[in-house]
Structures are given as C-alpha cells and as structure tokens.
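# Per-entry structural report
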Amino acid sequence: MSNTIFDKILAGDIPVDSVFEDEDVLAFNDVNPKAPVHVLVIPKKRASRFSELSGRPIEEIGRFFAAVSRIAALLDLDENGYRVVINNGPDGGQEVEYLHAHILGGRRLTWPPG
Ligand code: AMP
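The model shown is predicted, which means the values in this text are computed figures rather than measured ones.

### Quick notes on the overall build of the chain
- A count of helices and strands for the chain gives two helices and five strands.
- Each helix and strand of the chain, placed in order from N terminus to C terminus, yields the pattern α-β-β-β-α-β-β.
- For 114 residues, the compact-globule estimate of 2.2 N^0.38 gives 13 Å, and the C-alpha radius of gyration of the chain, at 14 Å, lies within 12% of that figure.
- With respect to the three principal axes, the spread of C-alpha positions in the chain is 35 × 30 × 30 Å.
- Taking all 114 residues of the chain together, the buried fraction comes to 34%.
- At a minimum sequence separation of 6, the contacts of the chain that also span at least 24 residues come to 55%.
- Averaging the locations of the 12 positively and 17 negatively charged side chains of the chain gives two centres separated by 3 Å.

### Observations concerning the site of the ligand
- The local shell around the ligand holds 16 residues, among which Asp30, Asn87, Glu95, His100 and His102 are the closest.
- In this structure, Asp30 approaches the ligand through a side-chain N or O atom, which is 2.5 Å from an oxygen atom.
- In the environment of the ligand, an oxygen atom lies 3.0 Å from a nitrogen or oxygen atom belonging to the backbone of Gly93.
- Coverage of the ligand by the protein chains reaches 86% of its 510 Å² of free accessible surface.

### A word on unusual backbone geometry
- Going from Trp111 to Pro112, the amide bond is cis rather than trans, its omega being 5°.
- Within the secondary structure layout, Pro112 lies in the segment after strand E5 (101–105).
- Phi at Asp76 takes a positive value of approximately 70°, unusual for a residue other than glycine.
- Counting through the fold element by element, Asp76 comes out in the loop between helix H2 (58–74) and strand E4 (82–85).
- Classification of Asp76 as exposed rests on a relative accessible area of 67%.

### Let's talk about the sheet that holds strand E3 (residues 37–43)
- Spatially, five strands are ordered E1-E2-E3-E5-E4 in an open sheet, and the strand pairing comes out antiparallel. The sheet is open, and its two borders are formed by strand E1 (18–21) and E4, each paired with just one other strand. Strand after strand, the sheet turns through a mean of 20° between neighbouring axes, direction not considered.
- The strands touched by H2 are E1, strand E2 (25–29), E3, E4 and E5; relative to E3, the strand with the most contacts, the crossing angle is about 155°.

### Let's talk about the side chain of Asp30
- Along the chain, Asp30 turns up in the loop between E2 and E3.
- Buried charge Asp30 goes without a salt bridge, the closest partner of opposite sign being Lys34 at 5.2 Å.
- Engagement of the side chain of Asp30 in a polar contact is seen with the backbone nitrogen of Asn32, the distance being 2.8 Å.
- Leave out the neighbours within four places in its chain, and Asp30 touches His38, Val39, Leu40 and His102.

### Things to note about the pairing of E2
- Counting buried positions along E2 gives four out of five residues, so the element sits mostly inside the fold.
- Pairing of E1 with E2, which is carried by three bridges, proceeds in the antiparallel orientation. Opposite Phe20, over in E2, you have Ala27 as the bridge partner.
- Hairpin connection from E1 to E2: three residues lie between these consecutive antiparallel strands.
- When E2 meets E3, the two strands line up antiparallel, connected through five bridges.

Basis of the calculations
Residues numbered from 1 in each chain as written. Predicted model: local features only at pLDDT ≥ 70, side-chain atom pairs only at ≥ 80, totals over all residues. Heavy atoms only, no water. Helix = DSSP H or I, 4+ residues; strand = E, 2+ residues; numbered from the N terminus. Rg over C-alpha atoms; globule rule 2.2 N^0.38 Å. Buried < 20%, exposed > 50% of the residue type's maximum accessible area, 1.4 Å probe, protein only. Contact = heavy atoms within 4.5 Å. Lys, Arg positive; Asp, Glu negative; His and termini not counted. Charge placed at Lys NZ, Arg CZ, Asp CG, Glu CD. Near = heavy atom within 4 Å. Polar contact = N/O pair within 3.5 Å; in protein donor to acceptor, adjacent residues only side chain to side chain. Areas by Shrake-Rupley, 256 points an atom, 1.4 Å probe, with all protein chains shown as cover. Pairing = 2+ DSSP bridges. Axes fitted to C-alpha atoms, helices over the stretch in contact; angles between N-to-C directions. Salt bridge = Lys/Arg side-chain N within 4 Å of Asp/Glu carboxyl O.

In structure tokens:
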C-alpha cells in the first residue's frame, strides 16, 4: 500500500505540525502523543516497513538514523535521554504502513513496553 496517511502528509495533502525537514526526512509531532515529546520521523525515500531496509543502501539507512539522532538533539532530549521506537508489522504494533521512527521523551519511560 503506497497511499497511507504518511504518503499524503509527505505529498503536502494533509497538514502536520512539522518540527524538521531536510532532503532525507520529514519530522512532525504525533497527533496522539504518548509522552511530552512525541515526534515521528519519516524518510522521504519510501519504505513500508523497517524490514525493507535490509535491501537498501547503507548510505540511505545511515542518513535516516543520523537524522533521527539530530532531530532528538534539536528537541533538546540529549541530556535526559529519550527512546526511539520503530514498530514493524502487525505483531510490532505498526498501524501506518510507511516506515517511521517515534522519538519519545520528556518523561521517564517504563520498560518493557506492552
Ligand atoms: P505506528 O503504530 O507505529 O504505526 O504509529 C503510527 C503513529 O502515527 C501513531 O502514534 C499515530 O498517533 C500517528 N498518526 C497517525 N496519523 C497522524 C497524523 N495525521 N499526524 C500525526 N501523527 C499521526
């Protein structure tokens, strides 16, 4: 499926509360935040799932994760820490079939997740 809500957001068809954008990624506030800071980062090069990255160039994968790390720093989360979550597929709890990393922070998160 390549017409998910995140495809539409990337196409500019649905407005979001954007926090960062460059040539590789778009980052925006989650509409249903699970922590004081809850930002989603999506790569502009489409992938449906994290599991697809195994076939992608290392450079592309690296740029995505470097962007996630930079965005967390921009959100002022480096000192207290944060969590990066990528849900993959039904058992992973993925609801939107467009690869995205959640950055969660601003409170002490519990472990393990449900
Ligand atoms: P996942 O369960 O990992 O697929 O996460 C999907 C996330 O997208 C959820 O945390 C939703 O709250 C979030 N979400 C869905 N639609 C929007 C939207 N239009 N703007 C911002 N976040 C959204």
